[in-house]
Amino acid sequence: MTLTDLPAQNRSDDTIDKEINKESNKESNKEINEELLDFLQKCPTSYHAADTIRKILLGEGYEELRESAPWTLKKGGRYFAVRGESSIIAFRLPHSAPTGFMIGASHTDSPSLKIKVNPEMTGNGYIRLNVEKYGGLIMQSWFDRPLSVAGRVVVRTAHGLESRLVRVDRDLVMIPRLAIHMERQMNEGQTLNLQKDLLPIYGLTGSEGSFMELIAREAGCAAEEILAHDLYLYVRGRGAIWGAKNEFLSAGRLDDLQCGFADLKGFLAAQDKTPEAGAIPVLAVFDNEEVGSRSRQGADSGYLSDILHRIGNALSWSDEQFRIMTVGSFMISADNAHAVHPNYPDKADPVNRPGLNKGPVLKYNASLRYTTDAVAAAVFKEVCHRAGVPCQEFTNRSDILGGSTLGHQSMTHFSVSTADVGLPQLAMHSAYETAGTGDTLYMSKVMEVFFSSALRNEGRDCLVIV
Ligand code: ZN
């Protein structure tokens, strides 16, 4: 493989350090993180995240393709296709023959509590909502904070069934904790029961039957017209930038919308830099990563592979050409990573301990729960280097299993050299997570260089940087 079409730069680590501390970067950091907080506000669920990205792309002149219709693609064209209302894949075509796909993947969903069908439960003077968990959430983090409800409903209309996004934009429910006086051992560790301890309070008796009416008003229909719903609790408050030098950023859904947002920024910034004969930049933001990606629109589905094959068909590639393109392709699977926690430093690997504001993190795992191998790592490091951005490395402690992510699942459908990376953060899967304000800009810069680049495979997994 040869990494080509990158700006000819040869930065020393000293140059990178100087760039990190530049005043102009501090201003850019403030700007991009305020924009990220606004973006998170618009994305209470995966449906809203895909819809927000869709609207941004439409504003940038991208054409929406339907999977249900034939595609005619033009050289130099900009396109996207949404699946399941919650995953989105966008791409741009170069003017001459493409060399492969440069794919930036991330995910739209975050751990939450999903509202079950027939949600109201009455008793003891209260109305509560019946919920179940979505993903590996930290249950404690959902207590004692104002929450609201968002998602989608499917409505019966005069012209058939119609899906509508809903979002209750006011504080609506709360999960209060038991007083410590009634459970003195609470701070010594408590086992929580999802069916008992995590049910949010919605109202007092007298409001029975009003929850679905409230949702129907948001959807612009009558309650009896709602046939089904995918509704979730979400943290409604805007995130915060904080710390002695505003080093930190806390908000709901940073995993993985911080990467999704930075990927999108990089994808758009690279728009006018894609070389005439480069690769096809592909932005893929999948739903359902938090529950294993096995949905029609998840990374462990045919979605990405279907879209890439349809691009090949529309460009009249032979099967042979498609396979050659695959070998010349690369994926950066970006899903947030664990920074070392100052209260629990013993939980981190003794050597590979990412810090906040020190750049994106390459993730390694010998059992390939992360896909990164030496070749993929070297390509990502080279892209970081050319972007003038520092790069960190993460391994789990050898006695801690750790997680898995998109690259691993996607690989079974579209087998391409993949680096699993992420932005360092604390409190992963809390309702309110913490990351570094310097890292969003770093990731967007890395992705800008990545989406402006191409790989040439010379028949063996050996890198010759030109
Ligand atoms: Zn994630």
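Fair warning: this is a prediction, and the values are worked out from it, not measured in the lab. (Residues numbered from 1 in each chain as written. Predicted model: local features only at pLDDT ≥ 70, side-chain atom pairs only at ≥ 80, totals over all residues. Heavy atoms only, no water.)

**Q** Would you mind showing me how to read the environment of Ala240 here?
**A** Within the fold, Ala240 resides in strand β12 (residues 240-242). In this structure, the C-alpha to C-alpha distance between Ala240 and Asp51, residues 189 residues apart in sequence, is 24 Å. Those residues in contact with Ala240 that lie beyond four places of it in its chain are Leu37, Phe248, Leu249, Ser250 and Tyr432. (Helix = DSSP H or I, 4+ residues; strand = E, 2+ residues; numbered from the N terminus. Contact = heavy atoms within 4.5 Å.)

**Q** Whenever I open this one, the sheet that holds strand β10 (residues 201-204) confuses me. Can you help?
**A** Strand pairing in a sheet relies on backbone hydrogen bonds. The paired strands run either parallel or antiparallel. Spatial ordering of the open sheet is given by β9-β8-β11-β6-β7-β10, a layout of 6 strands whose pairing is antiparallel. This sheet does not close on itself; its edge strands, each paired only once, are β9 (160-167) and β10. In this sheet, adjacent strand axes meet at a mean angle of 30° when their direction is disregarded. Sheet topology note: the strand β8 (residues 147-157)/β9 ladder contains 8 bridges and is antiparallel. Within the sheet, the bridge partner assigned to Ala150 lies in β9 and is Arg167. The sheet strands contacting helix α3 (residues 46-59) are β8, β9 and β11 (226-235), and the helix crosses β9 at an angle near 95°. Against the sheet, helix α5 (residues 211-219) engages β6 (112-123), β7 (126-134), β8, β9, β10 and β11, with an angle of about 95° to β11. (Pairing = 2+ DSSP bridges. Axes fitted to C-alpha atoms, helices over the stretch in contact; angles between N-to-C directions.)

**Q** Just to check I follow, could you spell out the coordination of the zinc ion for this structure?
**A** Perfect tetrahedral coordination of a metal by four donors corresponds to 109.5 degrees between them, and perfect octahedral coordination by six donors corresponds to 90 or 180 degrees. Those protein atoms acting as donors to the zinc ion are His107 (NE2), Asp255 (OD), Asp335 (OD) and Asp335 (OD), and they sit at 2.0 to 2.7 Å. Coordination of the zinc ion draws on donor residues from a single chain, spaced H-x147-D-x79-D in sequence. Taken as a pair, Asp255 in helix α6 (residues 254-269) and Asp335 in the loop between β15 (330-334) and β16 (337-338) lie far apart in primary sequence, 80 residues in all. By the burial criterion, Asp255 is buried, and Asp335 matches it. (Donors = N, O, S within 2.8 Å, 3.2 Å for Na, K, Ca; no water. Buried < 20%, exposed > 50% of the residue type's maximum accessible area, 1.4 Å probe, protein only.)

**Q** Which parts of the structure should I look at to understand the nonpolar core?
**A** Nonpolar side chains tend to gather and get buried jointly when the protein is soluble and globular. Ranked by size, the top nonpolar core spans 54 residues in total, and within it Leu57, Phe267, Phe330, Phe380, Val421 and Phe450 carry the most contacts. Dropping the residues within four chain positions of it, Phe330 is found in contact with Phe101, Met102, Ile103, Ala376, Val379, Val416, Ser417, Ala419, Phe450 and Leu455. Listed in part, the 34 residues of the second largest apolar core include Met139, Trp142, Val155 and Ile175. (Core = buried A, V, L, I, M, F, W, Y, C linked by side-chain atoms within 4.5 Å.)

**Q** Explain the sheet that holds strand β20 (residues 424-426) to me, please; I cannot follow it from the model alone.
**A** Spatially, β12-β13-β21-β20-β16 is the arrangement adopted by the 5 strands of the open sheet, whose pairing is mixed. On the outer flanks of this sheet lie β12 and β16, each paired with one strand and no other. One ladder, built from 3 bridges, connects β12 with strand β13 (residues 248-251); its direction is antiparallel. Each bridged residue has a counterpart across the sheet, and for Ile241 the counterpart in β13 is Leu249.

**Q** Honestly, the confidence of the model for the protein chain in this entry has me stumped. Any pointers?
**A** Any segment with low pLDDT has predicted coordinates that should not be analysed in fine detail. Confidence in the prediction of the protein chain, expressed as mean pLDDT, is 92, and 92% of residues score 70 or more. In this model residues 5-10 is a low-confidence stretch, pLDDT under 50, and it forms 10 contacts with partners more than four residues away in sequence or in other chains. (pLDDT = per-residue confidence, 0-100.)

**Q** What am I meant to see in the packing of aromatic side chains here?
**A** How two aromatic rings sit relative to each other is set out by the distance from centre to centre and by the angle between their planes. Using the criterion set out here, one finds 16 aromatic pairs in the structure. An angle of 40° between the planes, with centres 6.0 Å apart, marks the rings of Tyr62 and Phe267 as tilted. Of this pair, Tyr62 sits in the loop between α3 and β2 (63-64) while Phe267 sits in helix α6; the two residues are 205 residues apart in sequence, bridging distant segments of the chain. Across this residue pair, the class does not change: Tyr62 and Phe267 are buried. Taken together, a centroid distance of 4.6 Å and an interplanar angle of 35° make the contact between Trp242 and Phe248 tilted. Seen from the ring of Phe143, Arg177 lies directly overhead, with NZ or CZ sitting 4.4 Å from the centre. Looking at Arg310, its charged tip hangs above the ring of Trp71, at a distance of 4.4 Å from the centre. (Phe/Tyr/Trp six-rings, centres within 6.5 Å; stacked < 30°, edge-to-face > 60°. Lys NZ or Arg CZ within 6 Å of the ring centre and 35° of its normal.)

**Q** Honestly, the side chain of Asn396 in this entry has me stumped. Any pointers?
**A** Turning to its location among the elements, Asn396 is positioned in the loop between β18 (392-395) and α10 (406-410). Asn396 gets classed as buried once you look at its relative accessible area, which sits at 15%. Non-local contacts of Asn396, meaning those with residues more than four positions away in its chain, are made with Asp349, Tyr370, Leu401 and Gly402.

**Q** Which parts of the structure should I look at to understand helix α7 (residues 303-314)?
**A** Because the α-helix completes a turn every 3.6 residues, residues three or four places apart line up on one side. For α7, spanning 12 residues, the distance from its first C-alpha to its last is 16 Å, which sits close to the expected 16 Å at 1.5 Å a residue. Positive backbone phi, approximately 60°, marks Ser316, located one or two places after α7. (Expected span 1.5 Å × (residues − 1).)

**Q** Would you mind showing me how to read the packing of α6 against helix α11 (residues 439-451) here?
**A** α11 packs onto α6 with a crossing angle of 45° between their chain directions and a minimal axis gap of 7 Å. By the criterion of interaxial angle, the relationship of α6 to α11 is oblique. Here α6 and α11 pass one another in a crossing that is right-handed. Residues Gln258, Phe261, Ala262, Asp263, Lys265, Gly266, Phe267 and Ala269 of α6 form the contact with α11, whose participating residues are Thr440, Met443, Ser444, Met447, Glu448 and Phe451. Its residues assigned to classes, the contact of α6 with α11 shows 7 nonpolar, 4 polar and 3 charged. (Parallel < 35°, antiparallel > 145°, perpendicular 65-115°, else oblique. Left-handed = near helix turned anticlockwise from the far one by under 90°. Nonpolar A, V, L, I, M, F, W, Y, C, P; charged D, E, K, R; others polar.)

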